[in-house]
Structure formats: structure tokens, C-alpha cells
Amino acid sequence: MNRKQAALLPSTEGGVSFAAERLIAGDLVVMPTETVYGLAARADSPDAVSSVYAVKQRPLFDPLIVHVARGDGSEPLLARIRPLVDFRSFSQEALDLLEVLGESFWPGPLTLVLPRAETVHDLVTAGLPGVAVRMPAHPVAERLIRAVGVPLVAPSANRFGRISPTTAQAAMEELGDRVPAILDGGPCAIGLESTVIAIEPDATVRLLRPGGIPTEAIAAIAGALSPRSARVEAPGQLPSHYAPRAPVCLLQDLDPAKIEPAGPVAILLARGPAEPVIAAFERAGHEVLAARVLSPTGDDREAARNLFAAMRSLDAASPSRIFAEPWTSQTGLGAAISDRLARASAPR
Ligand code: TXA
Ligand code: MG
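Computed from a predicted model, the values in this text were never measured in an experiment.

Asker: It is not clear to me how the sheet that holds strand β12 (residues 265-269) should be interpreted in this structure. Could you clarify?
Answerer: Here we have 4 strands laid out as an open sheet, ordered β11-β14-β12-β13, and parallel in their pairing. Each edge of the open sheet is held by one strand with a lone partner, namely β11 (248-250) and β13 (288-293). The average angle at which neighbouring strand axes cross in this sheet is 20°, direction not considered. Where β12 lies against β13, 5 bridges are found, and the strand directions are parallel. Bridge assignment links Leu 268 to a residue of β13, and that residue is Arg 292.

Given below as C-alpha cells:
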């Protein structure tokens, strides 16, 4: 692990090729994706992959997503993942479904868990029978993966259990003292992680994590999704995750009169405006350090883009608690926003 602060690389040809050289050599580099920034390492190097766990302080039972490039478009999308996946158990129906899902949502914020090929290292899948694969839509990630020439594992570039970074600066705060370089691709367009689904050999689809692609859009193609199973299949599903340092209280009815004053607070609002809420908190005897609005118009995309950055900036004010309002919708991208808010406020 390096003690120097990471180099912040521009997403120029020079920046991308410097990052690619580091990755080829087995180092870790933070890369932008359209969802959140990822801590990248070459997926074919057990040493590099094990450094990812060490740098993130991530338990070895939490598997990593393998990121592939789209390439020059001359190959069918599925050819890009063939070396990683063992399709022998797959029915024709499952293969067809996979192809339609790939064509509909790749490159983009959809991760597919598929039967792993033997060549995929155990450290990548945490010993699970499936490998998670995704083709990111961010042009800088695409260029980087192509320059490295092999798929890259990339968990979100945060320390385990904390908020995923959606800017290079946020990644610097999380991991700047632990990686040689951070490639700056600007603020992430989606702002929360990919949707993770497992496709079974019989073409059943299970939702493992709501995210950037609405489950309704997947269901429109695949039919109803099997619900997430009660057992924890991966720690991304642990109740407490994506959490700021300050405890987060998610309150249906953000009534400050019902909250016992106990130290300065921060407020995360769904739609705003913030001023009347801040005033009400102050009237009830609370010191308000900061407030953020997810989307003044109640727009899912805007709220998703703002969510992690808002939590991060409220946390930076060092409040004793963050009071948050539930998001306004539970469908589409709103389901993923609500999922992240619930996890951020889950008991720790
Ligand atoms: O949008 C994203 O997916 C971002 C960007 C960087 O691509 N990556 C990301 O990775 O969110 P991470 O490691 O923070 O979350 C990946 C989650 C794991 O927690 C786990 O739930 C699931 O994906 N996962 C990965 N591999 C799996 C596998 N083999 N079987 C089941 N679930 C898996
Ligand atoms: Mg993560």
C-alpha cells in the first residue's frame, strides 16, 4: 500500500494510458463509471484482486463485479463475456434472454450473475458458483478496459460499508492514501450502483440489488423477477451499508417537535424547499449544520445523481445525526434510491 497521495489523472489519452500501465503492472487504480467510481484491478491477477479486498477493508466473502469492454462493436455483446461464463447448463431460453438483456441494457448499469467459467479466480467470486459481469457505459471506463486488454474487477471505490464515491474528489477522500492513481471522469451520470440480477439456467431471473436500471424495465423483457431471497447472498445486501459516519434517521414525518434535541443535526430532504424545514427545526431547538435537497422537482434521475454526494456533504459538517425524508417514489429508479436510504439508516 502506498503512503503518497494518489495522482489525480485527467481523462486524456495520457491519463488513461498511465492508468492502464499501472493496472497492467498489477496496481490498483480508481476509475470512473456511469454509476459510481470503481476500484479497478485486473481480474486475472489473484494478487491484484486480493489487494482490492485489502485496500477496501472488504471481507473476503463479498464477491467482485468483473467489468468488460464493449470493444469496437464487431463482436456480439455476449462474445465479450464468453471467456468468463460457463454456459453449458443454460437452456436456449436462458441464452436468448441473456442476449436480449445484453442488447437492451449494455453498455449500462446492469450487472448479470452467471455461472462462472473455471478460469475465473475464486477470489473474484468469493467462492460462489456465479460470476458477476457488467459492461460499463462510461467512455473513460471503456477506453481504460480496452487499453488494459483484460477485464477489470471494480467494486465501488469506498471503504467497506461506506458511501460510494460519485466524483474523483470523493474517491480521493475514500482511498487517496491507498492507491497510486485516480482517473477523473467527472461526476457520475447515474449516481448509484448497477442493478444486479442473477440469470438461472432455466431463465429465471432473481433480483440481487436494485440499482441504475429499473427492475420494471427488466421485468418487461424477462417477466416477473423472483424476489430477493431472505438469506444474505452477498454483503451488498446487508441491511447496514452505504452509510455516512453520522447516524441517519429516516423519518416518514419529519416533525422536529417530536425529535429530542441532542447535538447539531443535518437534514436530507426529498423535494424541498429546505428553508421552512430548517426554520422549523431551529424553532424546536435544534442546531442545523447543513441541509440538502435530493430533487426540487421530485425527479428520480436527479435524486439518484445527488444522493451519495448529498449524504457525503452532510456528513462532512459532522452532525450528531442526519435526519432524512423518505424518497417520494418506490418504483423505477425510486426503488433504488429508497433502498440506499434504508440501508444508510439501518441499525449498525
Ligand atoms: O455500479 C456498480 O456495480 C459499481 C461500479 C464500480 O461498477 N460496482 C459496485 O461493486 O457496486 P460493489 O462491489 O460495491 O458491489 C457489488 C455487489 C456485491 O456486493 C454483491 O452483492 C454483488 O454485487 N455480487 C458481485 N459478485 C457476485 C456474485 N458472484 N454473486 C452474487 N452477487 C455478486
Ligand atoms: Mg459497494
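Asker: Just to check I follow, could you spell out the site of ligand 1 for this structure?
Answerer: Close contacts around ligand 1 come from 26 residues, with Thr 35, Arg 58, His 67, Gly 130 and Ser 194 the closest. Contacts to ligand 1 include Arg 58, whose side-chain N or O atom sits 2.9 Å from an oxygen atom. At 2.9 Å, a side-chain N or O of Ser 156 approaches an oxygen atom of ligand 1. In the complex, 96% of the free accessible area of ligand 1, which totals 680 Å², lies under the protein chains. For the shell around ligand 1, the secondary structure elements donating two or more residues are β4 (65-67), β6 (130-134) and β10 (205-209). Among the elements that line the shell around ligand 1, the one with the most residues is β6, at 4 residues. Across the shell around ligand 1, the residue classes tally to 13 nonpolar, 8 polar and 5 charged.

Asker: Looking at this model, I keep getting lost on the sheet that holds strand β7 (residues 152-153). Mind explaining?
Answerer: One key point about sheets: their strands pair by backbone hydrogen bonds, in either a parallel or an antiparallel sense. The 10 strands are arranged β1-β8-β2-β3-β7-β4-β6-β5-β9-β10 in an open sheet whose pairing can be described as mixed. The open sheet is flanked by β1 (7-10) and β10, the only strands paired with a single partner. Bridging between strand β2 (residues 29-31) and strand β3 (residues 38-42) involves 3 bridges; their strand directions are antiparallel. Looking at β3, one finds that Met 31 is bridged to Gly 38. Most of the contacts of helix α3 (residues 92-105) go to strand β9 (residues 195-199), to which it runs at about 165°, and overall it touches β5 (110-115), β9 and β10.

Asker: Would you take a moment to explain helix α9 (residues 300-316) for this structure?
Answerer: At 3.6 residues per turn, the α-helix brings residues three or four places apart onto the same side. Spanning 17 residues, α9 covers 24 Å between terminal C-alpha atoms, matching the ideal 24 Å at 1.5 Å per step. Taken residue by residue, α9 has Asp 300, Ala 303, Ala 304, Leu 307, Phe 308, Ala 310, Met 311, Arg 312, Leu 314 and Asp 315 as its buried positions. Where α9 is buried, its residues contact α6 (168-175), β12, β13, β14 (321-324) and α10 (333-344). Taken from the residues just after α9, Ser 318 is the one with a positive phi, measuring 55°.

Asker: Looking at this structure, how should I read the packing of aromatic side chains?
Answerer: Each pair of aromatic rings is reported with the distance of its centres and the angle of its planes. By the definition in use, this model includes 2 aromatic pairs. Ring plane angle 45° and centroid distance 5.9 Å describe the contact between Phe 281 and Phe 323, whose orientation is recorded as tilted. Of the two residues, Phe 281 is situated in helix α8 (residues 274-283) and Phe 323 in strand β14; the sequence distance between them amounts to 42 residues. For the pair shown, Phe 281 and Phe 323 are each scored as buried.

Asker: It is not clear to me how the packing of α9 against α10 should be interpreted in this structure. Could you clarify?
Answerer: Pairs of packed helices are described in terms of their axes, by the angle between the two and the distance that separates them. Contact geometry of α9 with α10 gives a least axis separation of 9 Å together with a crossing angle of 20°. Looking at the two axes, α9 sits roughly parallel to α10. Pair α9 / α10 crosses with left-handed handedness. Here α9 contributes Asp 300, Arg 301, Ala 303, Ala 304, Leu 307, Phe 308 and Met 311 to the contact with α10, which in turn contributes Leu 333, Gly 334, Ile 337, Arg 340, Leu 341 and Ala 344. Here the contact of α9 with α10 is built from residues that sort into 9 nonpolar, 1 polar and 3 charged.

About the thresholds
Residues numbered from 1 in each chain as written. Chains lettered and ligands numbered in written order. Predicted model: local features only at pLDDT ≥ 70, side-chain atom pairs only at ≥ 80, totals over all residues. Heavy atoms only, no water. Pairing = 2+ DSSP bridges. Helix = DSSP H or I, 4+ residues; strand = E, 2+ residues; numbered from the N terminus. Axes fitted to C-alpha atoms, helices over the stretch in contact; angles between N-to-C directions. Near = heavy atom within 4 Å. Polar contact = N/O pair within 3.5 Å; in protein donor to acceptor, adjacent residues only side chain to side chain. Areas by Shrake-Rupley, 256 points an atom, 1.4 Å probe, with all protein chains shown as cover. Nonpolar A, V, L, I, M, F, W, Y, C, P; charged D, E, K, R; others polar. Contact = heavy atoms within 4.5 Å. Expected span 1.5 Å × (residues − 1). Buried < 20%, exposed > 50% of the residue type's maximum accessible area, 1.4 Å probe, protein only. Phe/Tyr/Trp six-rings, centres within 6.5 Å; stacked < 30°, edge-to-face > 60°. Parallel < 35°, antiparallel > 145°, perpendicular 65-115°, else oblique. Left-handed = near helix turned anticlockwise from the far one by under 90°.

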